[in-house]
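Residue-level structural notes
Below are the chains, spelled out letter by letter.
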Number of protein chains: 2
Amino acid sequence: MSKFVIAIGREYGSGGLEIAKKLAAALDVPYYDRDLIALAAQKRGISADVVEQADEVKAKPWDTPAVVGMPSFNDKVFELQAEIIREKAETESCVIVGRCADQLLKHRDDCLSVFIHADPEVRIRRIMNEHKLGREEATRLMKRTDKSRRAYYQYYTDCTWGGRGSYDLILNSGKLGIDCVVAVILKAIEGTAK
Amino acid sequence: MSKFVIAIGREYGSGGLEIAKKLAAALDVPYYDRDLIALAAQKRGISADVVEQADEVKAKPWDTPAVVGMPSFNDKVFELQAEIIREKAETESCVIVGRCADQLLKHRDDCLSVFIHADPEVRIRRIMNEHKLGREEATRLMKRTDKSRRAYYQYYTDCTWGGRGSYDLILNSGKLGIDCVVAVILKAIEGTAK
């Protein structure tokens with residue numbers, strides 16, 4: 001199989017990270033999720049904790065620099081992560097979760113962009129199980145995280161988060177099940193990265 | 001493999017019908033597209049030509065009956081087709097193209113709902129080739145047909161045509177290619193209709 005990159009966007013609680021890990025294991029390639037934070041921090045020579053605060057979050061209005069047109073700290077972190085994503089995509093086959101990778105790599109023929117979603121009820125149950133939370137807390141966390149991811153994606157890409165025009169493949173992990181989603185994405189990669 | 005139904009929505013020119021035919025051949029099951037018109041006409045004992053005018057088109061305001069609340073002719077054709085779709089889904093494995101089948105069969109665990117799209121440029125080229133049309137005419141036909149399908153779908157289902165919440169699987173046939181889309185849907189059916 002020739003070189004490929006799988007960029008995965010996901011609704012919170014849809015199992016996107018689990019799917020990414022299983023894909024990476026099946027294809028014997030690395031996956032990048034929060035690791036991109038550490039790599040970005042390392043590159044900048046600053047603490048990963050500081051960078052983490054800006055991960056997949058756009059700047060709040062009150063964090064915007066006083067000088068109009070100056071990039072915010074979040075913008076700088078985005079640019080660093082974007083740089084690393086482009087480097088990784090250039091040099092190795094890999095799976096990248098979130099961080100607008102699908103749009104950053106849109107021009108690449110070897111990039112398959114995927115979005116994972118599921119009905120809220122399925123996601124709430126998953127979040128409750130994984131994080132040992134009550135229903136209300138899990139629902140709040142789901143809504144807040146999706147809202148933040150949507151705002152981040154739309155701010156940096158001008159595209160619709162989870163909209164069909166932004167992805168090659170959109171899958172309902174609640175209906176298909178995690179293992180079937182993995183099998184389907186593997187089939188798509190087999191068909192495109194010949 | 002147990003009984004299944006594949007319901008396919010599609011942007012005009014994305015190759016949805018070709019994909020449906022290939023799926024039906026690979027799975028050795030029938031596919032229903034415009035045949036549903038003939039079946040609906042037969043059931044009603046009227047000419048297929050008359051029914052065809054209302055196929056996948058919602059009534060224009062001036063076609064609405066004078067008595068408020070009375071169904072239009074298009075509504076009656078929709079209801080007839082819906083009845084046939086539900087009957088087919090109940091009794092046999094099959095592939096159904098368009099006509100809101102995904103939403104009519106949403107409650108069925110054995111129904112996989114799929115939407116096919118592609119970049120406008122890919123679709124325009126396909127329409128030009130298939131219908132021997134110039135670029136302008138092909139573009140007009142694409143826009144008009146999509147507009148009509150979207151209005152029909154949203155009128156009868158209250159859901160978003162091509163929106164992720166309405167489907168289990170959404171595929172970009174321009175990026176993946178027709179044969180890869182067919183292989184991916186077969187993999188999804190294999191995983192869900194065990």
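Residues numbered from 1 in each chain as written. Chains lettered and ligands numbered in written order. Predicted model: local features only at pLDDT ≥ 70, side-chain atom pairs only at ≥ 80, totals over all residues. Heavy atoms only, no water.

**Observations concerning the overall build of chain A**
A count of helical and extended segments in chain A gives nine helices and five strands. Moving toward the C terminus, one meets the helices and strands of chain A in the order β-α-β-α-α-α-β-α-β-α-α-β-α-α. Dimensions along the principal axes, computed over C-alpha positions, put chain A at roughly 50 × 45 × 30 Å. Expressed as a percentage of the 194 residues in chain A, the buried residues total 51%. Once local pairs closer than 6 in sequence are excluded, the contacts in chain A between residues at least 24 apart make up 69%. Side-chain charges in chain A split into 30 positive and 29 negative, and the spacing between the mean points of these groups amounts to 4 Å. (Helix = DSSP H or I, 4+ residues; strand = E, 2+ residues; numbered from the N terminus. Buried < 20%, exposed > 50% of the residue type's maximum accessible area, 1.4 Å probe, protein only. Contact = heavy atoms within 4.5 Å. Lys, Arg positive; Asp, Glu negative; His and termini not counted. Charge placed at Lys NZ, Arg CZ, Asp CG, Glu CD.)

**With respect to the relation of the copies chain A and chain B**
With an RMSD of 0.0 Å, the fit of chain A onto chain B corresponds to turning through 180 degrees and sliding 0.0 Å along the axis. Classification of the inter-copy transformation places it as that of a two-fold axis. In terms of C-alpha distance to the rotation axis, chain A has Ile170 of chain A as its closest residue, with the C-alpha 2.4 Å off the axis. Taken as a fraction of all interface residues of chain A, those also at the interface in chain B reach 100%, which identifies the copy contact as same-surface. (Least-squares fit on C-alpha atoms with pLDDT ≥ 70 in both.)

**Description of the pattern of salt bridges**
Following the criterion strictly, the structure yields 30 salt bridges over all chains and no others. Residues Arg108 of chain A and Asp110 of chain A are paired through a salt bridge, measuring 2.9 Å at the closest nitrogen-oxygen approach. The closest approach of N and O atoms between Glu190 of chain B and Lys187 of chain B, which form a salt bridge, is 3.2 Å. Of this pair, Glu190 of chain B and Lys187 of chain B both sit in helix 9 (residues 178-192), three residues apart, which is roughly one turn of that helix. Since its relative accessible area comes to 21%, Lys187 of chain B is described here as partly exposed. (Salt bridge = Lys/Arg side-chain N within 4 Å of Asp/Glu carboxyl O.)

**A word on the side chain of His117 of chain A**
Residue placement: His117 of chain A occurs in strand 4 (residues 111-117). The class for His117 of chain A is buried, based on a relative accessible area of 4%. In this structure, His117 of chain A is in contact with Glu11, Ser14, Ile170, Leu171, Asn172, Ser173 and Gly174 of chain A together with Arg164 and Tyr167 of chain B, ignoring residues within four places of it in sequence.

**Looking at the environment of Ser2 of chain B**
Among the secondary structure elements, Ser2 of chain B is positioned in the segment before strand 1 (5-10). Linking Ser2 of chain B and Ala193 of chain B, residues 191 residues apart in sequence, is a C-alpha distance of 5.5 Å.

**Topic: the interface of chain A and chain B**
Listed as interface residues are 25 residues of chain A and, on the opposing side, 25 residues of chain B. With both sides pooled, the region where chain A packs onto chain B buries about 2100 Å², and carbon together with sulfur makes up 58% of that total. Looking at the side of chain A facing chain B, the largest losses of area belong to Arg164, Asp168 and Lys175 of chain A, adding up to 33% of the total buried there. The partner of Glu11 of chain B in a salt bridge is Arg164 of chain A, with the nearest N and O atoms 2.8 Å apart. Of all the elements in the fold, those that place two or more residues in the side of chain A that touches chain B are strand 4, strand 5 (169-172), helix 8 (173-176) and helix 9 (178-192) of chain A. Judged from the three bridges that link them, strand 5 of chain A and strand 5 (residues 169-172) of chain B form a sheet pairing that is antiparallel. Along strand 5 of chain B, the bridge assignment pairs Leu169 of chain A with Leu171 of chain B. (Buried area = accessible area lost by both parts, 1.4 Å probe. Pairing = 2+ DSSP bridges.)

**Considerations on the nonpolar core**
Ranked by internal contacts, the top residues of the largest apolar core, which has 52 residues, are Ile185 of chain A together with Ile185 of chain B. Here Ile185 of chain A is in contact with Ile6, Ile19, Leu23, Leu112, Val114, Ile116, Leu169 and Leu171 of chain A, once residues within four sequence places are set aside. In terms of nonpolar packing, the next biggest core, distinct from the first, is built from 46 residues, Trp161 of chain A together with Ala89, Cys100 and Cys111 of chain B among them. (Core = buried A, V, L, I, M, F, W, Y, C linked by side-chain atoms within 4.5 Å.)

**Overview of helix 4 (residues 73-91) of chain B**
Its 19 residues place the ends of helix 4 of chain B 27 Å apart at the C-alpha level, agreeing with the 27 Å of an ideal helix rising 1.5 Å per residue. Asn74, Asp75, Val77, Phe78, Leu80, Gln81, Ala82, Ile84, Ile85 and Ala89 of chain B are the residues of helix 4 of chain B that are buried. (Expected span 1.5 Å × (residues − 1).)

**What to know about the environment of Arg135 of chain A**
Relative to the helices and strands, Arg135 of chain A resides in helix 7 (residues 135-157). A distance of 2.9 Å separates a polar atom in the side chain of Arg135 of chain A from a polar atom in the side chain of Glu121 of chain A. (Polar contact = N/O pair within 3.5 Å; in protein donor to acceptor, adjacent residues only side chain to side chain.)

**Overview of the layout of surface pockets**
Of the volumes computed, that of the largest pocket is approximately 670 Å³. Residue lining of the largest pocket: 26 residues in total, with Arg10, Tyr12, His131, Thr145 and Arg149 of chain B positioned closest to the centre. Elements with a contribution of two residues or more to the lining of the largest pocket: helix 1 (16-27), helix 6 (120-131) and helix 7 (135-157) of chain B. In terms of residue class, the lining of the largest pocket is built from six nonpolar, seven polar and 13 charged. By volume, the second largest pocket amounts to about 540 Å³. For the second largest pocket, the lining is made up of 24 residues, of which Arg10, Tyr12, Leu17, Arg34 and Arg149 of chain A are closest to its centre. Listing elements by their share of the lining of the second largest pocket, those giving two or more residues are helix 1 (16-27), helix 6 (120-131) and helix 7 of chain A. In terms of residue class, the lining of the second largest pocket is made up of five nonpolar, seven polar and 12 charged. (1 Å grid on protein atoms, 1.4 Å probe; cavity = no way out; pocket = protein on both sides within 12 Å on 5 of 7 lines; lining within 4 Å. Points joined across faces, edges and corners; volume = space filled by probe spheres on them. Nonpolar A, V, L, I, M, F, W, Y, C, P; charged D, E, K, R; others polar.)

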